[in-house]
Amino acid sequence: MIFSWLAARRRRAIRSRPFPSEWEDSLQRNCRQASWLSAAEGRRLREWIAVFLAEKRFEGCGGQTIDDSVRLSIAGQAGLVVLGFPEEYFDRLKSVLVYPGDWVGRKVTALEGGATLEWRERRLGEAWSGGSVVLSWPAVRRGGRLQDGARSVVIHEFAHLVDAMNGPFDGLPPLPRGIDARDWATRLSGCRERYEEALDEGRFVALDDYAADSPVEFFAVASECFFQDPHRLARQDADLYNLLAASWQQDPKSRVPLSALRGR
Ligand SMILES: [Zn+2]
């Protein structure tokens, strides 16, 4: 209780400080979404970033340097996803590990009969429920600068962290009061079925194929598209867009310009 009172007081003090001009330069260069926010949203994002940077430990791995570009690109994109929440600083998250490229991770799947299958795969990011998130800097930079279509590894991994706030990673995030969670989940699963059908039939889909991996990945990949290419997602599946707008408590379609993604 005392801790939370002290933490709240410390956060208020951090939020009231002016946003450093060198951070502003890095944010403008590395988080394109920040320029489309309203004045009030922009102020809230910058206050959120200041608290996040004060509280989380950034670690460069494999020779990666941690500078303002790295910190502001990650904090800017992470802050964007929780902009609709009253006050969410990912308290369980202690450190952000950044690599200079993709890395090879271990994946384990349970098989029938109790056996497990284990293999290694290339990854751009990973969210560990134990308090760390791992990110590839080239992928972070591309997402922040909107140079990677609808993809953003930061939005993806932080969507996983939000998903796990109300229990296990299951593709069902906490929902604001007044939303019927069962109805929301049923409609989301309908969207997933429609997406998988379209994928099977070779029709055009707005989401990266990785969304078909599991309900968990479907939520994270759909959230990337929701923020990065909202017009395309709304055109393709208005119900999915509306479900995500309800859970993220934001309407990025109202701010992201139609021409935001080059060549689309
Ligand atoms: Zn994922």
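A short tour of the structure in this document, coming up.

### Considering the coordination of the zinc ion
- Note on the zinc ion: its protein donors are His156 (NE2), His160 (NE2), Glu217 (OE) and Glu217 (OE). The metal-donor distances range over 2.1 to 2.6 Å.
- Written as a sequence motif, the donor residues of the zinc ion are H-x3-H-x56-E. Of this pair, His156 sits in helix H6 (residues 153-163) while Glu217 sits in helix H8 (residues 215-228), placing them 61 residues apart in sequence. No difference in accessibility class separates His156 from Glu217, as the two residues are buried.

### What to know about the pairing of strand S1 (residues 57-60)
- Bridging between S1 and strand S2 (residues 95-99) involves four bridges; their strand directions are parallel. Bridge pairing in S2 links Gly60 to Val98.
- Once you follow S1 into helix H4 (residues 68-81) and on to S2, the crossover reads as left-handed.

### Looking at the environment of Leu135
- As for its placement among the helices and strands, Leu135 is situated in strand S6 (residues 132-136).
- Separated by 98 residues in sequence, Leu135 and Leu233 place their C-alpha atoms 25 Å apart.

### Focus on the sheet that holds S1
- Read across the sheet, four strands follow the order S1-S2-S6-S5 without closing on themselves; strand pairing throughout is mixed. The open sheet has two edge strands with one neighbour each: S1 and strand S5 (125-128). Recorded for the sheet is a direction-independent mean angle of 15° between the axes of neighbouring strands.
- Of the pairings in the sheet, the one linking S2 to S6 comprises five bridges and is parallel in character. For Val96, the partnering residue across the bridge sits in S6 and is Val133.
- Of the strands in this sheet, S2 and S6 are in contact with helix H5 (residues 137-144), which crosses S6 at around 80°.
- The strands that H6 touches are S5 and S6; relative to S5, the one it contacts most, it runs at about 20°.

### Quick word on the packing of H6 against H8
- In contact at an axis separation of 8 Å, H6 and H8 are set at 130° when each is read in the N-to-C sense. Judged on the interaxial angle alone, H8 and H6 are oblique. Of the two possible hands of crossing, H6 and H8 adopt the one that is right-handed. Of H8, the residues touching H6 (which contributes Val153, Ile155, His156, Ala159, His160 and Asp163) are Val216, Glu217, Phe219, Ala220, Val221, Ser223, Glu224, Phe227 and Gln228.
- The residue inventory of the contact of H6 with H8, partitioned by class, reads eight nonpolar, four polar and three charged.

### Observations concerning the packing of helix H2 (residues 21-30) against H4
- Across the interface, H2 lies against H4 with an axial gap of 8 Å and an inter-helix angle of 65°. Here H2 lies roughly perpendicular to H4, going by the angle between them. Crossing of H2 against H4: the hand is right-handed. Residues Glu22, Trp23, Ser26, Leu27, Arg29 and Asn30 of H2 form the contact with H4, whose participating residues are Asp68, Ser69, Arg71, Leu72, Ser73, Gly76 and Gln77.

Thresholds applied
Residues numbered from 1 in each chain as written. Predicted model: local features only at pLDDT ≥ 70, side-chain atom pairs only at ≥ 80, totals over all residues. Heavy atoms only, no water. Donors = N, O, S within 2.8 Å, 3.2 Å for Na, K, Ca; no water. Helix = DSSP H or I, 4+ residues; strand = E, 2+ residues; numbered from the N terminus. Buried < 20%, exposed > 50% of the residue type's maximum accessible area, 1.4 Å probe, protein only. Pairing = 2+ DSSP bridges. Right-handed = clockwise from strand over helix to strand, strands pointing away. Axes fitted to C-alpha atoms, helices over the stretch in contact; angles between N-to-C directions. Contact = heavy atoms within 4.5 Å. Parallel < 35°, antiparallel > 145°, perpendicular 65-115°, else oblique. Left-handed = near helix turned anticlockwise from the far one by under 90°. Nonpolar A, V, L, I, M, F, W, Y, C, P; charged D, E, K, R; others polar.

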